[in-house]
Amino acid sequence: MAPIPGSGLAKGLAVTLRTMTRKSVTEQYPDALPHLPPRTRGVIGLFEENCTVCMLCARECPDWCIYIDSHKETVPPAAPGGRERSRNVLDRFAIDFSLCMYCGICIEVCPFDALFWSPEFEYAETDIRELTHERDKLREWMWTVPAPPALDAGAEEPKEIAAARKAAEKLAAAQPEPPADRAEPGEGQS
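On a predicted model such as this, the values are computed, not experimentally measured, just so you know.

We now examine the nonpolar core. Counting residues in each nonpolar core, the largest one holds 26 residues, and the members touching the most others are I44, I66, I68, F93, I95, F97 and L115. Elements that contribute at least two residues to this core include exactly β1 (43-46), α2 (56-60), β2 (66-75), β3 (85-96), α3 (105-109), β4 (115-118) and α4 (135-142). Apart from the residues lying within four places of it in its own chain, the contact partners of I95 are I44, C65, I66, L131, T132, H133 and L138.

Along the polypeptide, C100 turns up in the loop between β3 and α3. Taking relative accessible area as the criterion, C100 reaches 13% and is therefore assigned buried. In sequence terms C100 and L131 are 31 residues apart; their C-alpha atoms lie 10.0 Å from each other.

On to a nonpolar patch on the surface, then. Judged by side-chain polarity, Y29, L33, L36 and F121 come together as a nonpolar surface patch covering roughly 360 Å² of accessible area. Checked against the element boundaries, Y29 lands in the loop between α1 (7-21) and β1. Here Y29 falls in the partly exposed class, since its relative accessible area comes to 34%.

What follows covers the packing of aromatic side chains. This structure, assessed with the given rule, holds 5 aromatic pairs. Taken together, the aromatic side chains of F97, Y102, W117, Y123 and W141 make up a single cluster linked through ring pairs.

What follows is about the pattern of salt bridges. Counted by the stated rule, this structure contains 7 salt bridges. For R87, the salt bridge identified is with E73, shortest N-O distance 3.8 Å. You can see R87 sitting in strand β3 and its partner E73 sitting in strand β2, a full 14 residues away along the chain. Overall, R87 belongs to the partly exposed group, its relative accessible area being 45%. We classify E73 as partly exposed; its relative accessible area is 34%. In this structure, the salt-bridge partner of R165 is E157, at a minimum N-O distance of 2.3 Å. Looking at R165, the relative accessible area reads 43%, which means it is partly exposed.

Parameters and conventions
Residues numbered from 1 in each chain as written. Predicted model: local features only at pLDDT ≥ 70, side-chain atom pairs only at ≥ 80, totals over all residues. Heavy atoms only, no water. Core = buried A, V, L, I, M, F, W, Y, C linked by side-chain atoms within 4.5 Å. Buried < 20%, exposed > 50% of the residue type's maximum accessible area, 1.4 Å probe, protein only. Helix = DSSP H or I, 4+ residues; strand = E, 2+ residues; numbered from the N terminus. Contact = heavy atoms within 4.5 Å. Patch = residues over 30% accessible without salt bridge, like charges linked within 9 Å, V, L, I, M, F, W, Y side chains within 5 Å. Areas by Shrake-Rupley, 256 points an atom, 1.4 Å probe, with all protein chains shown as cover. Salt bridge = Lys/Arg side-chain N within 4 Å of Asp/Glu carboxyl O. Phe/Tyr/Trp six-rings, centres within 6.5 Å; stacked < 30°, edge-to-face > 60°.

Put into structure tokens, the structure is as follows:
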């Protein structure tokens, strides 16, 4: 069956009329903060202790708005007779939020969970150069990151926790139990 000519126009006008008759709601933003969903994407926070300077976030960023500088340090051997190791030490971690398009690729590719979304959105500046947040500012945003949502009741236990639980049960089973039938001093004496 062929569509009736002009039916699309009539549907569009009906939507417009319905919208025009509704009362508009004005948010009183500076006085009343909006109620945002718990996992809202606002600004990116850095958990510096987890960053290994692998540079994945900077390489995968389509806007090239992440700046990372580091240097190598030698670490003494863990055991006597071992060899020294080298590791990267983070010198600078900055994100230019005037370039960032909030795609979240940097957070997704981070293998060590060093980057997180924070629901904070009030970080406007009068000077565009102040939108480049260095690692101390990114660390401040980290403390506003909400805890992850709880697992569903029927969800499978995380593999790491399951492995740790099995190891603890094996260790408990391998431990000899103290004899329970030992008499207390002063009992059974007549």
